[in-house]
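# Remarks on the overall topology
So you can see what is in the structure, the chains are spelled out below.
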Amino acid sequence: MNIFLAFIALFSLLIGSFLNVVIYRLPRIMQNAWHEECRLYLGLKPHHTTMPEPLSLSLPFSHCTHCKKTIKPWHNIPIFSYLLLHGKCAYCKASISLRYPIVEIITAVASVYIAWKFDLTPQTLSALLFTWILIALTFIDIDYYLLPDQLTLLLLWIGLLSSIFSLFCSPSEAILGAVGGYLIFAFVEWSFKLVTGKIGMGQGDFKLLAALGAFLGWQQLPVIILISSFIGAIFGITHILIKRQMKSIPLPFGPYLAVAGWISLLWGKEILSTYWQFMGL
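What you see is a predicted model, and the numbers here were worked out from it, not measured in a lab. (Residues numbered from 1 in each chain as written. Predicted model: local features only at pLDDT ≥ 70, side-chain atom pairs only at ≥ 80, totals over all residues. Heavy atoms only, no water.)

### Section: the overall build of the protein chain
The helix and strand tally for the protein chain stands at 9 helices and 0 strands. When its helices and strands are written in sequence order, the protein chain yields α-α-α-α-α-α-α-α-α. Computed over C-alpha atoms, the radius of gyration of the protein chain comes to 21 Å, within 12% of the 19 Å expected from 2.2 N^0.38 for 281 residues, which places it in the range of a compact globule. On the principal axes, the C-alpha backbone points of the protein chain span a range of 65 × 55 × 45 Å. The buried share of the protein chain, taken over its 281 residues, is 40%. Counted over contacts in the protein chain with a minimum sequence separation of 6, partners at least 24 positions apart contribute 72%. For the protein chain, the exposed surface amounts to about 16,600 Å²; the carbon and sulfur share of it is 71%. Side chains of the protein chain carry 18 positive and 12 negative charges; the gap between the two charge centres is 12 Å. (Helix = DSSP H or I, 4+ residues; strand = E, 2+ residues; numbered from the N terminus. Rg over C-alpha atoms; globule rule 2.2 N^0.38 Å. Buried < 20%, exposed > 50% of the residue type's maximum accessible area, 1.4 Å probe, protein only. Contact = heavy atoms within 4.5 Å. Areas by Shrake-Rupley, 256 points an atom, 1.4 Å probe, with all protein chains shown as cover. Lys, Arg positive; Asp, Glu negative; His and termini not counted. Charge placed at Lys NZ, Arg CZ, Asp CG, Glu CD.)

Right under this line is the structure:
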């Protein structure tokens, strides 16, 4: 077991490094694609001075965003390279964002806990994928107020496929969870817009809740909604107190859903059981 956890810790650090790439590049890849679609729609021909720089998750190789020099492999070791370089580029000495080791640490800690809880079972692989995708979605939403379909729909399909083997819920519970998750937030958004005339929630949130429902089953939807709303309220009130203004400032809801979904994955059944016992049912 100790060897297994050590392996998961080391491997998840590498995954965390890759998630940093996804968090940084995927939104830019999407922006480049939108840029080209707009040019085509407007009838503009691509031009080398206006076309976005080719970008993918694999190319170009990792490089400093300031001096553009390619990062050597030994300068790209998760956490350790950051510490050895004192958080600065090896070439131009520009500061490296603390975000990178934070994502790697969160990924490693969460992954080790998942491996410890589910042990050597099929649930572990599915839960690890669940965790990694949620981490990427969380930080992308924080930065861009965006929940890419490439990740939310991937999570949804993994949830539906996992249900075939009843890893966390049955296929019927997964399907009802996906449909229910989407429709609940769609109805909330429709009602909010009808009353206020404003858009209160992005469709990425619909898809993320649908994915969480597909993964964990419809029974966990109330738990996820309540926990995410509670966390969101705390952060929202804190934000108002710090900024000292009641102005309507958009806040990404994806991170709260992700945290609530992860809590539900680990302790959702216990939370529901405790609630029903408290209610005497």
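### Details of the environment of Leu120
Mapping Leu120 onto the fold places it in the loop between α3 (99–118) and α4 (122–144). On a C-alpha basis, the gap between Leu120 and Leu137 in space is 26 Å, while along the polypeptide they are 17 residues apart.

### Topic: the environment of Asp141
By secondary structure assignment, the location of Asp141 is in helix α4. Separated by 114 residues in the primary sequence, Asp141 and Pro255 have C-alpha atoms spaced 7.0 Å apart. Apart from residues no more than four positions distant in its own chain, Asp141 is found in contact with Leu146, Leu147, Pro252, Phe253, Gly254 and Pro255.

### As for the nonpolar core
The biggest cluster of nonpolar side chains holds 60 residues, and the ones touching the most others in it are Phe130, Leu134, Leu151, Leu155, Leu208, Leu212 and Leu257. Mapped by element, the contributors of at least two residues to this core are α1 (2–41), α3, α4, α5 (149–164), α6 (171–196), α7 (203–216), α8 (221–243) and α9 (254–278). Ranked by the residues each element gives to this core, the list is headed by α4, at 11 residues. Beyond its immediate chain neighbours, meaning those up to four positions away, Leu151 contacts Val22, Leu26, Ile133, Ala136, Leu137 and Ile140. (Core = buried A, V, L, I, M, F, W, Y, C linked by side-chain atoms within 4.5 Å.)

### Structural notes on the packing of aromatic side chains
For any pair of aromatic rings, the description rests on two quantities: the centre-to-centre distance and the angle between the ring planes. Tallied over the full model, the rule gives 15 aromatic pairs. Ring centres of Tyr113 and Trp267 lie 6.0 Å apart, and the angle between their planes is 55°; on these two criteria the pair is classed as tilted. In this pair, Tyr113 is assigned in helix α3 and Trp267 in helix α9, connecting sequence segments 154 residues apart. Among the residues examined, Tyr113 registers a relative accessible area of 29% and is labelled partly exposed. For Trp267, a relative accessible area of 33% puts it in the partly exposed group. Linked through ring pairs, Tyr113, Trp116, Trp262 and Trp267 together constitute an aromatic cluster. (Phe/Tyr/Trp six-rings, centres within 6.5 Å; stacked < 30°, edge-to-face > 60°.)

### Quick word on α6
Here α6 spans 38 Å end to end across 26 residues, near enough to the 38 Å set by a 1.5 Å rise per residue. Those residues of α6 not exposed but buried are Ala174, Gly177, Ala178, Gly180, Gly181, Phe185 and Glu189. Looking at the packing, one finds that the buried side of α6 touches α5, α7, α8 and α9. The first or second residue beyond α6 is Gly197, which carries a positive phi of 80°. (Expected span 1.5 Å × (residues − 1).)

### Quick word on the environment of Leu216
Take Leu216: it is sitting in helix α7. A relative accessible area of 7% places Leu216 in the buried class. Expressed as a C-alpha distance, the spacing of Leu216 and Asp149, which sit 67 residues apart in the sequence, is 19 Å. Leave out the neighbours within four places in its chain, and Leu216 touches Phe130, Phe168, Cys169, Ile224, Gly261, Ser264 and Leu265.

### Concerning unusual backbone geometry
Of note, the amide linkage connecting Leu59 to Pro60 takes the cis form, showing an omega dihedral of -5°. In this fold, Pro60 is placed in the loop between α1 and α2 (80–84). Not every positive phi belongs to a glycine, and Lys93 is a case in point at roughly 65°. Topologically, Lys93 is positioned in the loop between α2 and α3. Of note in the backbone geometry, Ser166 takes a positive phi value of approximately 55° without being a glycine. Tracing the chain through its elements places Ser166 in the loop between α5 and α6. We classify Ser166 as partly exposed; its relative accessible area is 45%.

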